[in-house]
Amino acid sequence: MRPGEGLDALMAPRSIAIIGASQDATKIGGRPVDLLRRYGYAGKIYPVNPKAAMVQGLQAYASVGALPEAPDLAVIAVDAERAPEAIEQCADRGVRSVVVFSSGFAELGEEGRAMQDRLRTAARRTGMRLLGPNCLGAVSIPEKAIATFSIVLEHSMPAAGSLGIVSQSGNLGSYTMRMASDRGAGISRFMTTGNECDIDIADGIAWLARDPATKVILCCFEACRDAGRLIAALTEARDAGKPVIALKVGTSEAGQAAAASHTGAMAGSDAVFNALLERYGAVRVRSIEELIDLGHAASILLPDQLPKGRRLAVVTASGGFGVLLADAAQAVGLSLPELSEATQRAILDLVPFASARNPVDATAQMSSRPDMLQKILSAVVADDRTDAIVLPLPFSLHMPRLRSVYMETLRTIRAQYPDRPVILCVEGPPDALAELHAMGYPTIASFDGCCAIVAALARLQALATAPKAVSRPAIARAAPLAADAFRHELGAKRALAEAGIPVLAEQLVSDAEAAARAAREIGFPVVLKIASPDLPHKTEVDGVVMDLRSEEEVRQAYARLLARVAEKAPRAVIDGTIVAPMANGLSELILGSRIDPVFGPVVMVGLGGIFAEIVQDTAVQTAPVSETQAMAMLRSLKAFAVLDGARGRRRTDLKAAAQAIAALSRFAVAHADSVSEIDINPLLLKADGEGALALDALLIPHAGKATQQHH
């Protein structure tokens, strides 16, 4: 079933039955009845309770079968043991959707999972959509359709607005709804998916993407169970012009455990989730506060006022505030370009002792004379050298005179420049903030938070206007690799070379004389490396000797190498040594891939050599990637400037690196059934135009898929 199908009956029901309805409005079965009545739901409410004729002033029914009609939505508020029967009765009656509050299912183990499977089977039999179990339900604010027992509705209903919220966690989702409402944000829909027996978070995103009442989608993730459905939903939201803002909590145990190679340690599921969100147009945040602030700001500025770039202008009445905001802006990657000469002249004509470059310090004069404030702000807002303007107003809204000065000015500015994003760094009385929001001004309380939100808004705009993701090419599954590919680096590199990854000409030898002959054929200087299926990380046993320049040096190095390894790893099986030419380059990368348990093959690139796991400068993407996407991965590295020739360094062959990443990603997909992880460390980068070389490689099979396992 396509994500989001069949949810109309859940989110906009014309009638709601509450199974397990209680006369006591404080009980789980009583709260939905009370809330529906209290907040004025206009549809039919059918309490189902075999022991009562009336529930909270409404006629009650003994069973679902006794209802006068099949309701659009049934809320299941009975114990877990009774829930499967209730679900089956709803399916038989023709109910179109159900919400299951009950806990005690898959979250408790195998017995609970079996009961949960029974729920799913009953729902699938008729196509009835099921939310939960173990969830806090759903709320549609415009229709006052309440299918929750959450305490966040105890004192008030959120104002109707354009923020849609979908959360796997009930409490996290309901807390987000309440906090957003208290911040002055209007809510369209709220859904919590719980155990996701049927309806999952992808369903929620996709339905909200089609919902006319929703402009921005806030998501609280704990995990992704189905990558394909999530990708489809994110794509639909992006195509509909509805930003998805995601808060992801928790990191994957699978990602932490998969550490057989460098790649396994460095490409955990959380990094993959991050990459997938970005690839399909969503923005990830790290706190509930940022989730709410960004969602609210985007809902105010959409569709035409998102910042077109990352250039910021700051206008203050205090030099200190200006410096604080400049520091906060720089920390999140915003720039503060110098304003145009005309803008600076206009400011200095008004306040000769102002600082007019950016940040603009207009001094206290700015708030003492409304006409001056309006002219200064107008000059800055009109300057097209910037993409957004931040105006701090500390304490101002709490003082009636200043409040009226600023409100009058801001109303005029909004009328003059309806498409220019101006963000206010301010806290104040709720009615004052509501007035500003209605004018079209987002408000953020803290300086750091304000700049972070501006940067995130610019990211939303960039994602919204980026070319749509090209559908990935179908890559056929390849024939199984020979066992030698998994034995040690020589076989691994031969397999990778066939996939288009450049490697050196090398020879495997089993005695000192053969090593000397191979070195003569290859040409000095050479490198000797131990070849063993038991020693995938050779440096741990001092198993590499470099820069050997004669046959005699090779013979002596061979003997010392084998003796050293025999002492440090006496039980290791030794196939001999690999003789390879000594290669020189400008920089080293680590490339790798692994099979993520949810997202499938992923590819990773990072700073290589011995610093790979220390520096942790990596980029991850789901595979396959094109050369263009591979280049974007390289550009995202903190070390990119070094690779690109910063400060007089020679520029490395980034095109060759991107080609190698793309080739590795295709290989990983083609061999996903047999290869668990791939590690290329290092990929040596030569100067621009001179290529790249995989100097060492490791292929790790799935358990049981090859005769030789590495430990």
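Sequence positions are assigned chain by chain, starting from 1 and proceeding in written order. Local features in a predicted model are, by the rule used here, given only for residues with pLDDT of at least 70; side-chain atom pairs are given and counted only at 80 or more, and totals for whole chains, interfaces and linings are based on all residues. Note that water and hydrogens are dropped before the side-chain values are worked out from all heavy atoms of the structure.

(A) Local environment of the overall build of the protein. Within the protein, the secondary structure is distributed over 25 helices and 29 strands. When the backbone C-alpha atoms are referred to their principal axes, the protein occupies close to 95 × 80 × 40 Å. Remark: exposure states derive from per-residue accessible area (1.4 Å probe, protein chains only) relative to the maximum for the residue type, with buried under 20%, exposed over 50%, and partly exposed in between. Counting all 711 residues of the protein, 57% fall into the buried class. Each accessible area value is a Shrake-Rupley result obtained with a 1.4 Å probe; residue values ignore everything except the protein chains displayed when judging cover. Total accessible area on the protein stands at roughly 28900 Å², and carbon and sulfur atoms take up 53% of it. Here the positive residues are Lys and Arg and the negative ones are Asp and Glu; neither His nor the chain ends is included. Charge placement uses NZ in Lys and CZ in Arg. For Asp and Glu, CG and CD serve respectively. Averaging the coordinates of the 72 positive side-chain charges in the protein and doing the same for the 78 negative ones gives two points 4 Å apart. Each helix is a run of H or I in the DSSP string that is no shorter than four residues. Each strand is a run of E no shorter than two, and both are numbered from the N terminus.

(B) Fine view of unusual backbone geometry. Along the chain, G132 connects to P133 via a cis peptide bond; the corresponding omega equals -5 degrees. The topology assignment puts P133 in the loop between strand 7 (129-131) and strand 8 (138-140). Cis peptide bonds are those with omega within 30 degrees of zero, and the linkage from A623 to P624 qualifies with 5 degrees. Tracing the sequence through the fold places P624 in the loop between strand 26 (618-622) and helix 23 (627-635). A positive phi angle, close to 55 degrees, is found at E196, a residue other than glycine. Take E196: its relative accessible area is 8%, and that puts it in the buried class. Of note, R647 is a non-glycine position whose phi angle comes to about 50 degrees, a positive value. Within the fold, R647 resides in the loop between helix 24 (640-643) and helix 25 (654-670).

(C) Broad picture of helix 6 (residues 201-210). Taken across its ten residues, helix 6 has nine buried, putting it largely inside the fold. Three or more residues of helix 6 are buried, namely I201, A202, D203, G204, I205, A206, W207, L208 and A209. Capping the start of helix 6 is the job of one residue whose side-chain oxygen sits 3.2 Å from the backbone nitrogen of A202: D200. As used in this structure description, the phrase polar contact means that two N or O atoms lie within 3.5 Å; if the pair is within protein, one of them must be able to donate a hydrogen and the other to accept it, and residues adjacent in sequence are counted only when both atoms belong to side chains.

(D) Focus on the sheet that holds strand 13 (residues 244-248). Any two strands between which DSSP finds at least two bridges are classified as paired. Read from one edge of the open sheet, seven strands run 9-8-11-10-12-13-14, paired in mixed fashion. A single partner strand is all that each edge strand has here, and the edge strands are strand 9 (145-147) and strand 14 (283-285). Across the sheet, the axes of successive neighbouring strands diverge by a mean angle of 20 degrees, strand direction being ignored. Two elements, strand 10 (residues 160-167) and strand 11 (residues 187-192), share six bridges in a ladder whose sense is parallel. Following the sheet pairing, A160 is matched in strand 11 by I187. Structural elements are reduced to axes, namely lines fitted to C-alpha atoms, with helices fitted over the stretch in contact, and the angle between N-to-C directions of any two is expressed from 0 to 180 degrees.

(E) Focus on the environment of G4. Tracing the chain through its elements places G4 in the segment before helix 1 (8-11). Residue G4 is classed as buried on the basis of its relative accessible area of 2%. Distance in space between the C-alpha atoms of G4 and P243 is 17 Å, their sequence separation being 239 residues.

(F) The arrangement of the sheet that holds strand 16 (residues 360-361) in detail. Here five strands make up an open sheet; going across it, the order is 16-15-17-18-19 and the pairing parallel. Taken across any chain shown, the strands that pair with only one partner, and hence form the sheet edges, are strand 16 and strand 19 (443-444). Of the pairings in the sheet, the one linking strand 15 (residues 312-316) to strand 16 comprises two bridges and is parallel in character. Each residue of the ladder has a partner; that of T316, found in strand 16, is D361. With respect to the sheet, helix 12 (residues 319-331) is in contact with strand 15, strand 16 and strand 17 (388-392), its orientation differing from that of strand 15 by roughly 160 degrees. In what follows, a contact means two residues having at least one pair of non-hydrogen atoms within 4.5 Å.

(G) Local environment of the pairing of strand 24 (residues 587-596). Burial analysis of strand 24 places eight of its ten residues in the buried class, which makes it a mostly covered element. Two strands pair when backbone bridges link them, and strand 24 and strand 27 (residues 675-685) are joined in this way by seven bridges, in the antiparallel orientation. Bridge pairing in strand 27 links S593 to I678. One ladder, built from eight bridges, connects strand 24 with strand 25 (residues 600-607); its direction is antiparallel. Pairing of I595 across the sheet is with P601, part of strand 25. The antiparallel pairing of strand 24 with strand 25 creates a hairpin that spans three residues between the two strands.

(H) Geometry of the nonpolar core. Counting residues in each nonpolar core, the largest one holds 111 residues, and the members touching the most others are L10 and I205. Top element by residues in this core is helix 18 (residues 447-465). It accounts for ten residues. Not counting chain neighbours up to four residues away, the residues in contact with L10 comprise L73, S97, V99, L131, A138, M191 and I199. The term nonpolar core refers to a set of buried residues drawn from Ala, Val, Leu, Ile, Met, Phe, Trp, Tyr and Cys, joined through side-chain atoms within 4.5 Å. Within the second largest apolar cluster, 37 residues are counted, among which are I501, M633, L634 and F640.

(I) Geometry of the packing of aromatic side chains. Each aromatic pair joins two rings of Phe, Tyr and Trp (for Trp, the six-membered one) with centres within 6.5 Å, and gets the label stacked for planes under 30 degrees apart, edge-to-face for over 60, and tilted for any other angle. Taken as a whole and judged by the stated rule, the model has five aromatic pairs. Aromatic side chains F101 and F149 sit 4.8 Å apart centroid to centroid with 70 degrees between the ring planes, which places their arrangement in the edge-to-face category. Taken together, the positions of F101 in the loop between strand 6 (97-100) and helix 4 (110-126) and F149 in the loop between strand 9 and strand 10 put the pair 48 residues apart, joining distant regions of the chain. Here the two residues F101 and F149 agree in accessibility, since each one is buried. Three or more aromatic residues link up through ring pairs in this structure, and these residues are F221, F273 and F599.

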